[in-house]
Amino acid sequence: MRRTSASLVAGALVAALAWASGPSSPAVALDPSVGVADLTQDINQILSDSRLTIARAGVVVRSAQTGEDLYATDAGKLLTPASNTKLFTSAAAAETLGLDYRFPTTVLHSGRKAGSVVTGDLVLRGTGDPTMLAEDYDALAAAVAEAGVKVVTGKLVADDTWFDGQRLGNDWAWDDETAYYAAPISALTASPDRDYDAGSVIVSVAAENGKVKVTTTPQTDYLKIVNRATVGDSTDVLIERQHATNTVVITGTVAGSYQEWVAVDDPTAYAASLFREALKKHGVKVIGATTSGAAPEGAKELAKHESMPLSELLVPFLKLSNNIHAEILTKAMGRKAAGQGTWAAGLKVVTDFAKANGAEVINMRDGSGLSRRDGFSPSSIATFLASLRDKPWFTTWYDALPVAGNNERFVGGTLRSRMQNTAAANNVRAKTGSLTGVTALSGYVTSADGEPLVFSIMLNQYLSGSPKDIEDKIAVRLAQFSRTAGTSDVSSLRTAEPTSSGDLECSWLKPVQC
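Residues numbered from 1 in each chain as written. Predicted model: local features only at pLDDT ≥ 70, side-chain atom pairs only at ≥ 80, totals over all residues. Heavy atoms only, no water.

Novice: It is not clear to me how the overall build of the protein chain should be interpreted in this structure. Could you clarify?
Specialist: A tally of regular secondary structure across the protein chain gives 13 helices and 23 strands. Nonlocal contacts in the protein chain, meaning residues at least 24 apart in sequence, comprise 71% of its contacts between residues at least 6 apart. Split by element, the accessible area of the protein chain, about 19,900 Å² in all, is 50% carbon and sulfur. (Helix = DSSP H or I, 4+ residues; strand = E, 2+ residues; numbered from the N terminus. Contact = heavy atoms within 4.5 Å. Areas by Shrake-Rupley, 256 points an atom, 1.4 Å probe, with all protein chains shown as cover.)

Novice: It is not clear to me how helix H7 (residues 323-338) should be interpreted in this structure. Could you clarify?
Specialist: Quick reminder: α-helices carry 3.6 residues per turn. Residues three or four places apart thus point the same way. Under the 1.5 Å per step criterion, the end-to-end length of H7 is 23 Å for 16 residues, consistent within 8% with the ideal 22 Å. Within H7, 12 of the 16 residues are buried, which leaves it mostly tucked inside the rest of the structure. Taken together, the buried positions of H7 are occupied by Asn-323, Ile-324, His-325, Ala-326, Glu-327, Ile-328, Leu-329, Thr-330, Lys-331, Ala-332, Met-333 and Gly-334. Residues of H7 that are buried in the fold lie against helix H3 (85-96), helix H6 (310-319) and helix H8 (343-356). Between the side-chain oxygen at the start of H7 and the backbone nitrogen of Ile-324 there is a gap of 3.0 Å, and the oxygen is on Asn-322. Gly-339 lies just past H7 and shows a positive phi near 70°. (Expected span 1.5 Å × (residues − 1). Buried < 20%, exposed > 50% of the residue type's maximum accessible area, 1.4 Å probe, protein only. Polar contact = N/O pair within 3.5 Å; in protein donor to acceptor, adjacent residues only side chain to side chain.)

Novice: Whenever I open this one, the packing of aromatic side chains confuses me. Can you help?
Specialist: Any pair of aromatic rings gets described here by the distance separating the centres and the angle formed by the planes. What the rule picks out here adds up to 14 aromatic pairs. Ring plane angle 5° and centroid distance 4.3 Å describe the contact between Phe-88 and Phe-376, whose orientation is recorded as stacked. Taken as a pair, Phe-88 in helix H3 and Phe-376 in strand E20 (residues 375-376) lie far apart in primary sequence, 288 residues in all. Take Phe-88: its relative accessible area is 0%, and that puts it in the buried class. An angle of 70° between the planes, with centres 5.5 Å apart, marks the rings of Tyr-398 and Tyr-444 as edge-to-face. Here Tyr-398, found in helix H10 (residues 394-399), pairs with Tyr-444, found in strand E22 (residues 438-446); they are 46 residues apart in sequence, far enough to count as distant. The class for Tyr-444 is buried, based on a relative accessible area of 0%. (Phe/Tyr/Trp six-rings, centres within 6.5 Å; stacked < 30°, edge-to-face > 60°.)

Novice: Please clarify how the sheet that holds strand E1 (residues 56-63) should be interpreted in this entry.
Specialist: Remark on secondary structure: sheet strands pair via backbone hydrogen bonds, oriented parallel or antiparallel. Reading across the sheet, the 5 strands line up as E2-E1-E23-E22-E21 and stay open at both edges, with antiparallel pairing between neighbours. Only two strands of the sheet have a single neighbouring strand rather than two, namely strand E2 (69-73) and strand E21 (429-435). Taken pair by pair, the neighbouring strands of this sheet meet at an average axis angle of 5°, ignoring direction. Inspection of the sheet shows E22 paired to strand E23 (residues 452-460) by 9 bridges, in the antiparallel sense. Within the sheet, the bridge partner assigned to Val-438 lies in E23 and is Asn-460. (Pairing = 2+ DSSP bridges. Axes fitted to C-alpha atoms, helices over the stretch in contact; angles between N-to-C directions.)

Novice: It is not clear to me how the sheet that holds strand E9 (residues 200-208) should be interpreted in this structure. Could you clarify?
Specialist: Here 3 strands make up an open sheet; going across it, the order is E10-E9-E15 and the pairing antiparallel. At either margin of the open sheet sits one strand with a lone partner, and together these are strand E10 (211-217) and strand E15 (257-263). Mean inter-strand twist for the sheet, computed between neighbouring axes without regard to direction, equals 25°. In this sheet, E10 lies alongside E9 in antiparallel orientation, the contact comprising 7 bridges. Along E10, the bridge assignment pairs Ile-202 with Thr-217.

Novice: Explanation requested: the packing of H3 against H6 in the structure shown.
Specialist: Running from N to C, H3 and H6 point in directions that differ by 175°, and their axes come no closer than 11 Å. Taken together, the axes of H3 and H6 lie roughly antiparallel to each other. Residues Lys-86, Ser-90, Ala-93 and Ala-94 of H3 form the contact with H6, whose own contacting residues are Leu-310, Leu-314, Phe-317 and Leu-318. Its residues assigned to classes, the contact of H3 with H6 comprises 6 nonpolar, 1 polar and 1 charged. (Parallel < 35°, antiparallel > 145°, perpendicular 65-115°, else oblique. Nonpolar A, V, L, I, M, F, W, Y, C, P; charged D, E, K, R; others polar.)

Novice: Please explain the nonpolar core as it appears in this structure.
Specialist: One broad trend across soluble globular proteins is that nonpolar side chains are buried collectively. Residues Phe-88, Leu-388, Trp-397 and Tyr-444 are the most contacted members of the largest nonpolar core, which totals 67 residues. Counting residues in each nonpolar core, the second largest holds 40 residues, with Val-149, Ala-190, Val-201 and Val-237 among its members. (Core = buried A, V, L, I, M, F, W, Y, C linked by side-chain atoms within 4.5 Å.)

Novice: How should I be thinking about the side chain of Asn-427 in this particular structure?
Specialist: The residue Asn-427 is located in the loop between helix H11 (409-412) and E21 in this model. Within polar-contact distance, the side chain of Asn-427 engages the backbone oxygen of Thr-446 at 2.9 Å. When neighbours within four sequence positions are excluded, Asn-427 is seen to be in contact with Tyr-444, Val-445, Thr-446 and Ala-479.

Novice: Would you mind showing me how to read the pairing of strand E14 (residues 247-254) here?
Specialist: The side chains of a regular strand alternate, residue by residue, between the two faces of the sheet. Across 4 bridges, strand E11 (residues 224-227) lies against E14 in parallel orientation. The residue bridging Lys-224 from the neighbouring strand is Thr-247, located in E14. In this sheet, E14 lies alongside strand E12 (residues 230-231) in parallel orientation, the contact comprising 2 bridges. Note that in E14 the partner of Thr-230 across the bridge is Thr-253. Pairing geometry for strand E13 (residues 236-241) and E14, over 6 bridges, is antiparallel. By the bridge assignment, Asp-236 is partnered in E14 with Thr-253. Here E13 hands over to E14 after 5 residues, with Ala-244 in that stretch at a positive phi of 60°.

Novice: How do you make sense of the pattern of salt bridges when you look at a structure like this?
Specialist: A side chain with one charge may pair with a side chain of the opposite charge, provided their charged atoms come close. One pass over the structure, following the stated rule, counts 23 salt bridges. With a shortest N-O distance of 2.9 Å, Arg-51 and Asp-49 are connected by a salt bridge. By relative accessible area, Asp-49 is classed as buried at 19%. When the shortest N-O distance is used, the salt bridge between Asp-138 and Lys-281 registers 3.2 Å. Here Asp-138 is found in helix H4 (residues 134-146), whereas its partner Lys-281 is found in helix H5 (residues 267-281), with 143 residues between them in sequence. (Salt bridge = Lys/Arg side-chain N within 4 Å of Asp/Glu carboxyl O.)

Written out as structure tokens, the structure reads:
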């Protein structure tokens, strides 16, 4: 479990309690005050940036106390949200699954166990745990050995039937198929490290004794490595899995060390291979082959592993904008609500919850926002964010959102390098969203008067030059907002240098982390 300083925890608790407690001061009457008028003028000027001339921009700023819109442009238009979609998926998961929800992974056996021999199959059954590491499969194998099992006469059966067999989202881009942030979804999977990028392996290269050495994390023979790279004066290397295969081809030159996160083609088979190797290490011999299928009726449990609770999983999920967590939770909600671990069943749960909490203009095709057919209006997002404040789980969920300008990776998350040393730093808590030509930022900010605000900024169809700095300027301006006075230095805000760059979530740009 990650540790944070006492001051950070205390600060987060105070902020969350303030947001969860609802109005703490009398509502301010709506009037054309200098503060609101200046805010409108300033946001209009920020949005006059030439990069948005041919783009679409929807912005809503709303008082969480009074419910009034302080600023709105194209508030009701359906726009592409990218990872702002995770606001809905994560909140629906907290409501539907509960903060105590855990993913169990179990080992069972069929047939008869006599002494150290199991006459039958050994079954590895998953329910979608995205936090399973190689060491967790090793612990399960050790538990099987500790139960006295040395020989299994039958097969090793990988049971991933908790979810359906659809691995990729309907609208996902084909050229993302090998990328770790679009890894296949399965009820049995494994992550390479504690970022919990399920369904991926870290492939590392290094120049060593005149040759390029290749290693994987975890160590596995599941991938077939074709190393065509050579040692050179600089590192310019491509590590890429070929579509629909286990083959990773490495080309280019290597001078130092470099890593790439690569999605596996079949996470169920990958997880089973890790488990089988672990069984061998612990002296358990499975005579039969590895297959997939459902555990037979009456199979008996030998070992069990449970994930961290959802309350903890929300942190790497939202801070690092983890797409695979979003899709696994979507299918888990479908399984719980309708007995079907499918996208269709899970998305119905999420959209029903979103609409019940004010999100009327909504179209969801997946849980993460990878689909370009996902659509929300800025007004729906703002209404939804405001409605969550009275939920019993709000404080935990709110704490899991990225925090602007906070350098701690599992506090600041995808906002850790943005809005540093501004009024928004350690104030704005928001979800980022990025696809090529799409950027979004929606969340919460406390004004200079102490008034809680919700906001949604969605910028679509720009052609060049990431406008994330436009989002940052608006968010900083909201942190400076006062109903009785204008900001003291709007001119510098309007001309500030961008505080971020690129079209993708910084957490997606591994191995470099924002």
